[in-house]
Amino acid sequence: GSGEALELGGLIPDDSPAIQAGERSQQPFSVPLTADTAVVERAPAGFSQAEQEAIVQRAVDSSSGEQAEEAVRFALPILNTRELFPGSEEDGTTAVTHLFFLPDVSLTSRVELAREYRDQAGDGNYAGVTGPGPARLAQFEEIENALPLVELGTVLAIALVVGLTFRSFGAPLLTLVASGIAFLVAGGAIPWVAEQLGAGIPQEVEPLVVALTLGIVTDYTI
């Protein structure tokens, strides 16, 4: 949504029916009706009665108290006790706790809070954070880590191809200087245009901007 556009702009536009339905649900209800973050706990041998009660009690404690407004607004634990789910072949082995947050909590903060919630799980059992939100943040982190290599590889490829084609040091140098200037201009112009339009720029498309900018400028320079 637009509330986190400055940190991680979404690929889904704010005026999409799904986003609008989620925003409307926050008006009549104290919590949103959708959750993109969840904590999964699993015990292959099955949770004991005490462990199941602890999972539910932890959700209740997180949904109330003085820290509820600052952290998890509402936690909804769902267990496959007595094979309640269609297709479930196990009894009391898995618990999925959906975490709901206030609208102004950023994606990074949601994932950090979910990890803190996960760390409170009982010892000896698997516990992990999942959902569209954490998956998107993990994707963004992978892009951030790989982007320098993508940029370096693109620059070296341009220098090599242009240099071999024209058999000149000046040709690839001119191409890279022009591409660098274009990339700096695009890096400032695209966010400015998005701000004027009230839209967010998805960080996931940054490699595409790099490839398009360098590729187009290289073509015109040649």
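Use the structure listed above.
Worth saying up front: this structure is predicted, and the values here are computed from it rather than measured.

(A) Looking closely at the overall build of the protein chain. In terms of helices and strands, the protein chain carries 7 helices and 4 strands. For the protein chain, the N- to C-terminal ordering of α and β elements is α-α-β-α-β-β-α-β-α-α-α. Across the 222 residues in the protein chain, those meeting the buried criterion constitute 32%. At a minimum sequence separation of 6, the contacts of the protein chain that also span at least 24 residues come to 67%. When the accessible surface of the protein chain is summed, it comes to about 13,600 Å², and 61% of that surface belongs to carbon and sulfur atoms.

(B) Representation of unusual backbone geometry. Even without being glycine, R167 reaches a positive phi, approximately 50 degrees. Its place among the elements puts R167 in the loop between α5 (132-166) and α6 (170-197).

(C) Spotlight on the pairing of strand β1 (residues 37-42). Relative to strand β3 (residues 94-100), β1 is paired through 6 bridges, and the arrangement is antiparallel. Bridge pairing links V39 to T97 in β3. With 5 bridges connecting them, β1 and strand β4 (residues 126-130) associate as antiparallel partners. Each residue of the ladder has a partner; that of V39, found in β4, is V129.

(D) Quick look at the nonpolar core. By size, the foremost hydrophobic cluster in this structure holds 10 residues: V39, A59, V72, A75, L99, F101, V105, L113, A114 and Y117. When residues no more than four places from it in sequence are discounted, the contact partners of V72 are S62, S63, L99, F100 and F101. I158, V162, A171 and V210 belong to the second largest nonpolar core, which has 6 residues in total.

(E) Quick look at the packing of aromatic side chains. Throughout the structure, instances matching the rule amount to 1 aromatic pair. An angle of 45 degrees between the planes, with centres 5.6 Å apart, marks the rings of F74 and F100 as tilted. Here F74, found in strand β2 (residues 74-79), pairs with F100, found in strand β3; they are 26 residues apart in sequence, far enough to count as distant. F74 sits in the partly exposed class, given a relative accessible area of 31%.

(F) Inspection of a nonpolar patch on the surface at higher detail. Side chains of L173, V177, I181 and V185 sit close together on the surface and give an oily, nonpolar patch of about 380 Å² of accessible area. Tracing the backbone through its elements, the reader meets V177 in helix α6.

(G) Structural context of the packing of α5 against α6. Following both chains from N to C, one finds α5 and α6 inclined at 145 degrees, their axes separated by 8 Å at the closest point. Seen from above, α5 lies across α6 with right-handed handedness. Residues E151, V155, I158, A159, V162, G163 and F166 of α5 touch α6, and the partners they reach there are A171, P172, T175, L176 and F183. Taken together, the residues of the contact of α5 with α6 sort by class into 9 nonpolar, 2 polar and 1 charged.

(H) Structural context of the pattern of salt bridges. If you walk through the whole model with that rule in mind, you get 4 salt bridges. The partner of R42 in a salt bridge is E90, and the shortest N-O contact between them spans 2.8 Å. With R42 in strand β1 and E90 in the loop between β2 and β3, this pair connects stretches of sequence that are 48 residues apart. Looking at R42, the relative accessible area reads 28%, which means it is partly exposed.

Procedures and definitions
- Residues numbered from 1 in each chain as written.
- Predicted model: local features only at pLDDT ≥ 70, side-chain atom pairs only at ≥ 80, totals over all residues.
- Heavy atoms only, no water.
- Helix = DSSP H or I, 4+ residues; strand = E, 2+ residues; numbered from the N terminus.
- Buried < 20%, exposed > 50% of the residue type's maximum accessible area, 1.4 Å probe, protein only.
- Contact = heavy atoms within 4.5 Å.
- Areas by Shrake-Rupley, 256 points an atom, 1.4 Å probe, with all protein chains shown as cover.
- Pairing = 2+ DSSP bridges.
- Core = buried A, V, L, I, M, F, W, Y, C linked by side-chain atoms within 4.5 Å.
- Phe/Tyr/Trp six-rings, centres within 6.5 Å; stacked < 30°, edge-to-face > 60°.
- Patch = residues over 30% accessible without salt bridge, like charges linked within 9 Å, V, L, I, M, F, W, Y side chains within 5 Å.
- Salt bridge = Lys/Arg side-chain N within 4 Å of Asp/Glu carboxyl O.
- Axes fitted to C-alpha atoms, helices over the stretch in contact; angles between N-to-C directions.
- Left-handed = near helix turned anticlockwise from the far one by under 90°.
- Nonpolar A, V, L, I, M, F, W, Y, C, P; charged D, E, K, R; others polar.

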